[in-house]
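Observations on the three-dimensional arrangement
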Amino acid sequence: MSLIKALLMGGILTFVVSTVIHGGGSKGGFLNIHELAIAGHAFEWSWPLFIAATGLAWGIMLMMR
């Protein structure tokens, strides 16, 4: 169950950080921030950042047990 919660928190963190970095005109280097379009809506996204943020959130949730 904590992994499901971590996926949600990782997605939110990725969306916010990618939007801020891409808004400044940067690609984020290793983060490889790009525009992702789903159902006609485009937003900034980074898969490496999503994996790292999900791992961080999952680790925090496991430590809170």
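A brief structural summary.

Observations regarding a nonpolar patch on the surface
- Judged by side-chain polarity, Met-1, Leu-3, Ile-4, Leu-7, Trp-58 and Leu-62 come together as a nonpolar surface patch covering roughly 590 Å² of accessible area.
- Of all elements in the fold, only α1 (2-23) and α2 (47-63) reach the threshold of two or more residues within the nonpolar patch.
- For the nonpolar patch, the leading source of residues is α1, giving 3 residues.
- Relative to the elements of secondary structure, Leu-7 occurs in helix α1.

Comments concerning the side chain of Thr-14
- With respect to the secondary-structure elements, Thr-14 resides in helix α1.
- When its relative accessible area of 0% is taken as the criterion, Thr-14 is described as buried.
- Looking at Thr-14, its side chain comes within polar contact range of the main-chain nitrogen of Phe-50, at 3.4 Å.
- If we skip the residues at most four places from it in the chain, Thr-14 touches Trp-45, Ser-46, Leu-49, Phe-50 and Ala-53.

Comments concerning the pairing of strand β2 (residues 41-45)
- In the sheet, strand β1 (residues 34-38) pairs with β2 via 5 bridges, with the strands oriented antiparallel. Bridged to Ala-37 within β2 is Ala-42.
- What sits between the antiparallel neighbours β1 and β2 is a turn of 2 residues, in which Ala-39 has the positive phi angle 55 degrees.

Conventions and cut-offs
- Per chain, residue numbering runs from 1 following the sequence as it is written.
- Owing to the predicted nature of the model, reporting of local features is limited to residues with pLDDT of at least 70; listing and counting of side-chain atom pairs is limited to 80 or more, with chain, interface and lining totals taken over all residues.
- Excluded from the side-chain calculations are hydrogens and water; all other atoms, namely the structure's heavy atoms, are used.
- Each patch is assembled from residues with relative accessible area greater than 30% and no salt bridge, linking like charges that lie within 9 Å and nonpolar side chains (Val, Leu, Ile, Met, Phe, Trp, Tyr) that lie within 5 Å.
- Here the Shrake-Rupley method, with its probe set to 1.4 Å, supplies the accessible areas, and only the displayed protein chains count as covering residues.
- A pairing counts as a salt bridge when a side-chain nitrogen of Lys or Arg comes within 4 Å of a carboxyl oxygen of Asp or Glu.
- Put simply, DSSP H or I for four residues or longer makes a helix, DSSP E for two residues or longer makes a strand, and each gets a number counted from the N terminus.
- Buried, partly exposed and exposed residues are distinguished by accessible area as a fraction of the type maximum, computed with a 1.4 Å probe on protein chains only: under 20%, between the cut-offs, and over 50%, respectively.
- Under the rule applied, a polar contact is a pair of N or O atoms within 3.5 Å (in protein, one hydrogen donor and one hydrogen acceptor; residues adjacent in sequence only if both atoms are side-chain atoms).
- We call two residues contacting when some pair of their heavy atoms lies within 4.5 Å.
- Paired strands, as defined in this entry, are two strands with at least two bridges between them according to DSSP.

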